[in-house]
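Residues per chain, in single letters:
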Amino acid sequence: MAIISRGFDDIVLDRIVKALNDFAQAQIEECASASEKAAVKFTAYRDRFKPAGVNQLPMVTVWLASSSSEEKTAGAWKHPEETITINVDMLTSYVTDTTQGLPYTAAMKRMAYLKEQVRQTLYSLENSDFGFEPGVIGSKSWPRYKPYTNRSGNPEESVTGGRFVFELTYAPDQLDSTGASLTELKVDADKISAAYIYN
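Conventions used here
Residues numbered from 1 in each chain as written. Predicted model: local features only at pLDDT ≥ 70, side-chain atom pairs only at ≥ 80, totals over all residues. Heavy atoms only, no water. 1 Å grid on protein atoms, 1.4 Å probe; cavity = no way out; pocket = protein on both sides within 12 Å on 5 of 7 lines; lining within 4 Å. Points joined across faces, edges and corners; volume = space filled by probe spheres on them. Helix = DSSP H or I, 4+ residues; strand = E, 2+ residues; numbered from the N terminus. Nonpolar A, V, L, I, M, F, W, Y, C, P; charged D, E, K, R; others polar. Buried < 20%, exposed > 50% of the residue type's maximum accessible area, 1.4 Å probe, protein only. Contact = heavy atoms within 4.5 Å. Salt bridge = Lys/Arg side-chain N within 4 Å of Asp/Glu carboxyl O. Expected span 1.5 Å × (residues − 1). Arc of directions from axis to C-beta. Phe/Tyr/Trp six-rings, centres within 6.5 Å; stacked < 30°, edge-to-face > 60°. Lys NZ or Arg CZ within 6 Å of the ring centre and 35° of its normal.

A. Focus on the layout of surface pockets. The calculated volume of the largest pocket comes to roughly 270 Å³. Sorting the residues of the lining of the largest pocket by element identifies β2 (59-70) and β3 (81-94) as the ones contributing at least two each. The greatest single-element share of the lining of the largest pocket, amounting to four residues, is contributed by β3. Partitioning the lining of the largest pocket into residue classes produces ten nonpolar, two polar and three charged.

B. Summary view of the side chain of Asn87. With respect to the helices, strands and loops of the structure, Asn87 is situated in strand β3. Judged by its relative accessible area of 5%, Asn87 is buried. Filtering out sequence-adjacent residues up to four positions away, Asn87 remains in contact with Thr61, Val62, Trp63, Ala65, Arg163, Phe164 and Val165.

C. Broad picture of the environment of Met111. Here Met111 lies in helix α3 (residues 104-122). Overall, the relative accessible area of 4% leaves Met111 in the buried class. Contact partners of Met111, with chain neighbours within four places excluded, come to Met90, Thr92, Tyr145, Thr160, Gly161 and Gly162.

D. Expanded view of the pattern of salt bridges. Summed over the entire model, instances satisfying the criterion amount to ten salt bridges. Between Glu116 and Lys115 there is a salt bridge, and its shortest N-O distance comes to 3.4 Å. By relative accessible area, Lys115 is classed as buried at 18%. Several salt bridges converge on common partners, so that one network encompasses Arg6, Asp10, Asp14, Arg46 and Asp47.

E. Region of interest: α3. The end-to-end C-alpha distance of α3 is 27 Å, a good match for the 27 Å that 19 residues give at a rise of 1.5 Å each. Of the residues making up α3, those classed as buried are Ala107, Arg110, Met111, Leu114, Lys115, Gln117, Val118, Thr121 and Leu122. Each buried residue of α3 sits inside an arc of 165° when the element is viewed along its axis, so together they form one side. Relative to its buried face, α3 has exposed residues pointing more than 90 degrees away, namely Thr105 and Lys109.

F. Region of the structure containing the packing of aromatic side chains. The tally for this structure, following the rule as stated, stands at six aromatic pairs. Summarising the aromatic geometry, the rings of Tyr123 and Phe166 are spaced 6.2 Å apart at their centres and angled 70° between planes, so their arrangement reads as edge-to-face. Here Tyr123 is found in the loop between α3 and β4 (137-140), whereas its partner Phe166 is found in strand β6 (residues 159-170), with 43 residues between them in sequence. Each member of the pair, Tyr123 together with Phe166, is buried. Within the aromatic cluster, the residues linked to one another by ring pairs are Phe8, Phe132 and Tyr170. Positioned over the ring face of Phe132 is Arg15, at 4.3 Å from the centre of the ring.

Written out as structure tokens, the structure reads:
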């Protein structure tokens, strides 16, 4: 069985989550007081969709929304470019019958700042390629933001949050394989010597 590498979309989601958590930790370390640290802290997760406790907010969840190939760029010896759409969900407060979140005005102010924290992380020069070699990521769109709304289109009252959506385009044939090195493969030459002649 052939050894294959992890997919680009799989790897990049992990790197985005790490970049977000590193940024949050760096901000916390720059704060002098406990109240300042509480005001800037957040935690990022990958593919987390279950409800979180109020003490886990603010929270950011990164997940893959879609993946599509650009067939017009494909050829007999060339992989098509692929574009993935990534959703970044941000949640600062929610209120149910059993939990009480931040007051709505405070939650909206925290949401405005969380949005800027995430944008800063995703579009800083340091994270322009998310650790990939230059050229692997062909393009990165600017994010589209939409707050959580109810059926009438007004801001949701029980949940304070929103979503960034952006696209990354990459060429699969430029990715490095993370499979086993040839030096790690062992062959019993006695068993294949009858089929091959060594010079």
